[in-house]
There are 2 protein chains.
Amino acid sequence: MISVVILGAGNVATHFFKALRKSEEASVIQWYNRSLDTIKHFENTVAITNDLAQLKQADVYILAVSDDVVAKLSSQLPFNDRLVVHTSGCVNVSDLDKKHKRGVLYPLQSLSKDAAIDFSNVPICIETLDKKSYPLLKKLAASMGSPTKRVNSPQRRVLHLAAVFVNNFTNQLYRIGHEITESEGAEFDLLKPLILETANKIQTMSPYMAQTGPALRNDKKTINVHLKLLNNPQHKDIYNLLTDAIQQTHGRKKL
Amino acid sequence: MISVVILGAGNVATHFFKALRKSEEASVIQWYNRSLDTIKHFENTVAITNDLAQLKQADVYILAVSDDVVAKLSSQLPFNDRLVVHTSGCVNVSDLDKKHKRGVLYPLQSLSKDAAIDFSNVPICIETLDKKSYPLLKKLAASMGSPTKRVNSPQRRVLHLAAVFVNNFTNQLYRIGHEITESEGAEFDLLKPLILETANKIQTMSPYMAQTGPALRNDKKTINVHLKLLNNPQHKDIYNLLTDAIQQTHGRKKL
């Protein structure tokens, strides 16, 4: 049984706690947060503390805290040579204090606070600075049901960056679609099957091969109709920039 | 039984033919294409022709041809007062020759030539210029298993435009995610569950409410790390523009 202490009380901490509670190969023996209020309603299921001096001995300490706090908190931990990991996509593994065995468990998924999470859809990117810790972290992540992958810090950073493109920026395109349709009293709901199909298609086909539409066909007539329909100058800029990007990717002539 | 003649042999024509063949309330009695070669292998299942003078009498003529050809082909049809519809997102219903009863059946989905299509995921936007034709087209679309919606020409045009944002442009963001991850030897596959989750989330939540990430949080440190990681100037432009769009949508301060 792998003993775990979780530090932090945000989305990642909470979802890790819930997933590890169900794990048969790991046990969360303590939950630390600076403010006890946030985790108070878990006190009947796990030992809670707001005092670093009271931290129990464990196999793994998971620092699920904001990027800014990782380095400082890791140096404040009152022990050495134990396995301490963070969960950030953007923080280097070597930012953890070097008095520890160091690693990363980065869940590559959007973890909303309230939504139930199926960890089989949450790939966990694992990094360790010592070889011995890797199998332990792999077992821990797998015990939550996650697919796992060894990923170094530069790779994790680009995955985090790419996640901004495919998640936050994509969601903003959905938002623009919402604005455009509502402007004519059309229903955004009609686009939902297409949105799902677009995401489904690249599960088995490269985005390069999956591309279609007026930019790819260099269909200037449709592109001009679209540009005339867009009243919001920023929407127009986005239309032009992404049309251009598609045409560069696919070697089309510039408009 | 609604009798149908299909004109054209592209993706939409082919998928409509296949879906209508299975329908119990409609029957494709003839398939026209300028070139017989493309539809030759269907000649044992349906009457085919490349001669407009040979078109049979039918309840509906579906012009599933490219936007440029709709008006001209409709005027070449050697009859009057029959129901003629096109399938385009971008062409006005009144571009059909006024000698006909006129309408539109616009399937709002990405219809790849080879993929099997489940029409329950293909909303069909219906427009008619005469009231009597609407129930017929609704019955026809529903008989393929599609959800249907009455949509006028300006609404259909913005849906078509919004589809470019949520489908083609989103797919280009996936492509950029692919390029960025591969540049460090990381696996694009790790992003696939996140891509699906992003599309799933807005099936029940507005894109506005679903937004997360560094742009929304105005997390300048992460944004700067990301901008430094991007070597491709166009990727940088897209990052800046969409970050700005998210911040405008959510009333964040400009960077």
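Residues numbered from 1 in each chain as written. Chains lettered and ligands numbered in written order. Predicted model: local features only at pLDDT ≥ 70, side-chain atom pairs only at ≥ 80, totals over all residues. Heavy atoms only, no water.

## Quick notes on the environment of A58 of chain A
Mapped onto the secondary structure, A58 of chain A falls in the loop between β3 (48–49) and β4 (60–63). Apart from residues no more than four positions distant in its own chain, A58 of chain A is found in contact with S3, V4, V5, I29 and R82 of chain A. (Helix = DSSP H or I, 4+ residues; strand = E, 2+ residues; numbered from the N terminus. Contact = heavy atoms within 4.5 Å.)

## Thoughts on a nonpolar patch on the surface
Residues and elements named next belong to chain A. Together, M205, Y208 and M209 make up a nonpolar patch on the protein surface, roughly 300 Å² of accessible area in all. Tracing the sequence through the fold places M205 in the loop between α5 (192–201) and α6 (207–210). For M205, a relative accessible area of 33% puts it in the partly exposed group. (Patch = residues over 30% accessible without salt bridge, like charges linked within 9 Å, V, L, I, M, F, W, Y side chains within 5 Å. Areas by Shrake-Rupley, 256 points an atom, 1.4 Å probe, with all protein chains shown as cover. Salt bridge = Lys/Arg side-chain N within 4 Å of Asp/Glu carboxyl O. Buried < 20%, exposed > 50% of the residue type's maximum accessible area, 1.4 Å probe, protein only.)

## Quick notes on the sheet that holds strand β7 (residues 124–128) of chain B
All names here are of chain B. One open sheet accounts for eight strands, arranged β3-β2-β1-β4-β5-β6-β7-β8; its pairing is mixed. Among the strands making up the open sheet, the edge pair consists of β3 (48–49) and β8 (148–150). Note that strand β2 (residues 26–32) and β3 share two bridges and pair parallel. By the bridge assignment, W31 is partnered in β3 with I48. (Pairing = 2+ DSSP bridges.)

## With respect to the domain arrangement of chain A
Often, the extent of an interface is quoted as the loss of accessible area upon association of its parts. Residue and element names in this part refer to chain A. The domain boundaries assigned to chain A delineate domain 1 (2–151) and domain 2 (156–249). Computed over C-alpha atoms only, the centres of domain 1 and domain 2 are separated by 36 Å. The partner domain 2 presents six residues to the 14 residues of domain 1 that form the contact. Summed over both sides, the interface of domain 1 with domain 2 buries roughly 780 Å², with 56% coming from carbon and sulfur. Along the contact surface separating domain 1 from domain 2 lie one salt bridge. Counting across the interface, domain 1 meets domain 2 through three residue pairs in polar contact (both at pLDDT 80 or more). Elements with a minimum of two residues in the side of domain 1 that touches domain 2: β6 (101–107) and β7 (124–128). (Domains from an automatic or database assignment. Buried area = accessible area lost by both parts, 1.4 Å probe. Polar contact = N/O pair within 3.5 Å; in protein donor to acceptor, adjacent residues only side chain to side chain.)

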